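Coordinate analysis (summary)
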Amino acid sequence: NFGISTLSAPVVVIVSPPPPGAPIFTLSSSVYSVFENGGFAIVTVQKNLNSLGGTVNYGTANGTALAVSNYQAVFGSLFFASNDISKNVTIPIIYSPVYQGNKSFGFSLSPSGDGSTVGVPGNASVTIVDVNSPSTNPPVFLFGSANYSVNESNGAVVVTVLNNGDLGGLAN
């Protein structure tokens, strides 16, 4: 065997994780829902593991649900340290005792300019589930008075129309 001997020795391979990179922010879901009488919708923002700290901007946008009428608009920024992986944004929901059906609004993330990026999903739809029962009583419109009069020189008369039903509606 030509004077060559075979020796064996253990080989140690050290695998190091890659260094932390710029954070990628996403939402935990693209669809959220909250009961109208629930008080708040909670949207969860996530940061990828093994990433540096960073900041992401967020905000709501009207859909069939309108800010001030159905929910309170929120806008802001969330700062994540390198060891943070998720944070919640709380959105106040405005209760209405009148049946209006389910309504929804948007929630979105946007980059802050610090090198962070927004992944998928970065946008979500938040549905406000109406807890009131629809009425079976249609609107009933009545005049506030049996007779109205005005002097011809006044040019206008005020006519009062009353809705005695349970639902809103248009009077033509």
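Each remark here, short or long, concerns the structure printed above.
Residues numbered from 1 in each chain as written. Predicted model: local features only at pLDDT ≥ 70, side-chain atom pairs only at ≥ 80, totals over all residues. Heavy atoms only, no water.

**Examining the overall build of the protein**
Condition: Counting from the N terminus, the helices are the DSSP runs of H or I reaching at least four residues and the strands are the DSSP runs of E reaching at least two. The classification of residues rests on relative accessible area computed with a 1.4 Å probe and restricted to protein chains. Under 20% of the type maximum is buried, over 50% is exposed, and intermediate values are partly exposed. Calculation of accessible area relied on Shrake-Rupley with a 1.4 Å probe; when residues are assessed, cover is drawn exclusively from the protein chains displayed.
If you tally the helices and strands in the protein, you get zero helices and eleven strands. Reading the protein from its N end, one meets helices and strands in the order β-β-β-β-β-β-β-β-β-β-β. Out of the 172 residues in the protein, the part that is buried amounts to 24%. A total of about 11,300 Å² of accessible surface is found on the protein, and carbon and sulfur atoms cover 57% of it.

**Some thoughts on the nonpolar core**
When a protein is soluble and globular, its nonpolar side chains tend to lie buried together. Quick note on the threshold: Side-chain atoms within 4.5 Å link the members of a nonpolar core, which is a set of buried Ala, Val, Leu, Ile, Met, Phe, Trp, Tyr and Cys residues. By definition, residues are in contact when any of their heavy atoms lie within 4.5 Å.
Counting 23 residues, the largest nonpolar core has Leu27, Val45, Val89, Ile91, Phe105, Phe107 and Leu109 as its most contacted members. Of all the elements in the fold, those that place two or more residues in this core are strand 1 (24-27), strand 2 (31-35), strand 3 (40-47), strand 4 (54-61), strand 5 (75-80), strand 6 (86-92), strand 7 (103-111) and strand 9 (123-129). Those residues within four positions of Phe105 in sequence are excluded, and the remaining contacts are Thr60, Ala61, Gly63, Ala65, Tyr71, Ile91, Ile93, Ala124, Ser125, Val126 and Ile128.

**Focus: the sheet that holds strand 4**
Quick note on the threshold: We treat two strands as partners when DSSP finds at least two bridges between them. The axes used here are C-alpha line fits, helices contributing only the stretch in contact, and every angle between their N-to-C directions lies in the interval 0 to 180 degrees.
One open sheet accounts for five strands, arranged 2-9-7-4-5; its pairing is mixed. Looking at the sheet topology across the chains shown, the edges are occupied by strand 2 and strand 5. Strand-to-strand twist across the sheet, computed as the mean angle between neighbouring axes with direction ignored, equals 25 degrees.

**Quick word on the pattern of salt bridges**
When the charged atoms of two side chains with opposite charge come close together, those side chains can pair. Going by this rule: Salt bridges, as used here, are contacts in which a Lys or Arg side-chain nitrogen is within 4 Å of a carboxyl oxygen on Asp or Glu.
What the rule picks out here adds up to one salt bridge. With its nearest N and O atoms 3.8 Å apart, the salt bridge here joins Lys87 to Asp84. Exposure remark for Lys87: the relative accessible area of 28% places this residue in the partly exposed category. The exposure class of Asp84 is partly exposed, given its relative accessible area of 23%.

**Here's the deal with the pairing of strand 4**
As judged from the six bridges shared by strand 4 and strand 5, these two strands associate in the antiparallel manner. Counterpart to Thr55 in the pairing with strand 5 is Phe79. Direction of pairing for strand 4 relative to strand 7: antiparallel, over a ladder of six bridges. Along strand 7, the bridge assignment pairs Val56 with Pro111.

**Comments concerning unusual backbone geometry**
Cis rather than trans, the peptide bond between Val120 and Pro121 has omega equal to 0 degrees. Note that Pro121 resides in the loop between strand 8 (117-118) and strand 9. Residue Asn50 is not a glycine yet carries a positive backbone phi of 50 degrees. If you trace the backbone, Asn50 turns up in the loop between strand 3 and strand 4.

**Some details on the packing of aromatic side chains**
Let me state the cut-off plainly: Ring pairs are drawn from Phe, Tyr and Trp, using the six-membered ring of Trp, whenever the two centres fall within 6.5 Å, and their geometry is named by plane angle: stacked under 30 degrees, edge-to-face over 60, tilted for the rest. For a ring to carry a charge above it, either NZ of a lysine or CZ of an arginine must fall within 6 Å of the ring centroid while also lying within 35 degrees of the normal to the ring plane.
For the structure on display, the rule yields three aromatic pairs. Their ring planes at 20 degrees and their centres at 5.9 Å tell us that Tyr58 and Phe107 sit as a pair that is stacked. Here the residue Tyr58 occupies a position in strand 4, and Phe107 occupies one in strand 7, the gap between them amounting to 49 residues. For Tyr58, a relative accessible area of 16% corresponds to the buried category. Owing to a relative accessible area of 1%, Phe107 belongs among the buried residues under this scheme. Each ring, one from Tyr71 and one from Phe105, has its centre 3.9 Å from the other, and the planes form 10 degrees; the classification is stacked. Here the residue Tyr71 occupies a position in the loop between strand 4 and strand 5, and Phe105 occupies one in strand 7, the gap between them amounting to 34 residues. For the pair shown, Tyr71 and Phe105 are each scored as buried. We note Lys87 situated over the ring of Phe80; from NZ or CZ to the ring centre the distance is 5.4 Å.

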